[in-house]
Amino acid sequence: MPPAILCVAIKSLVISAINLFIRDFIFKSDVCPLLWLFVHVHVVAMAVKVKSVCILQTTLRNSCTFYELEVTVDDATWKVYKRFRDFFGLDVKLISHCGLPRGLLPPKILKNKSKKNIEKRMTALQEYMTCVIARWEQTPRDLLDFVQYEEHVS
């Protein structure tokens, strides 16, 4: 069984076990509210599916290119701003934690920052995000952190 499929199967098993724990233990006893909050936040986050991430435009600030992302989860939509190094960090985490194949992210080095090259990179990053989102039934925690899910939906 490929590592990525095994990773998804294990996550599914863990989520099922946590859901049973919630049903049989938390709802049937007087448990500390902080434990309920902890379990609720982590179980809900594990079951989230990001619908889309669209890169709308780029902005140049202090000679750094920022990408404006529009994130959609269920009926909620919000914007976040990311640099290429943020995408690179996400890629490293998804490769090591979730078995994402290497080589999906466009190269880090951009020889010149002409508008044409930045647009090419923006298109490549959009393809990367589309591929990453489609890869899993439930969005990995690292991706939820990248799109700042808890800051915008909680």
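Computed from a predicted structure; not experimentally measured. (Residues numbered from 1 in each chain as written. Predicted model: local features only at pLDDT ≥ 70, side-chain atom pairs only at ≥ 80, totals over all residues. Heavy atoms only, no water.)

## Comments concerning the side chain of T72
Structurally, T72 is set in strand β2 (residues 64–73). Side chain to side chain, T72 and T77 meet in a polar contact 3.4 Å long. The contacts of T72, once residues within four sequence positions are left out, are V50, K51, S52 and T77. (Helix = DSSP H or I, 4+ residues; strand = E, 2+ residues; numbered from the N terminus. Polar contact = N/O pair within 3.5 Å; in protein donor to acceptor, adjacent residues only side chain to side chain. Contact = heavy atoms within 4.5 Å.)

## A look at unusual backbone geometry
A positive phi angle is found at S63, which is not glycine, with a value near 60°. With respect to the helices and strands, S63 occurs in the loop between β1 (50–61) and β2. Of note, the phi angle at D74 is positive, near 55°, even though the residue is not glycine. Locating D74 in the fold gives a position in the loop between β2 and β3 (76–82). Given a relative accessible area of 52%, D74 falls into the exposed group. (Buried < 20%, exposed > 50% of the residue type's maximum accessible area, 1.4 Å probe, protein only.)

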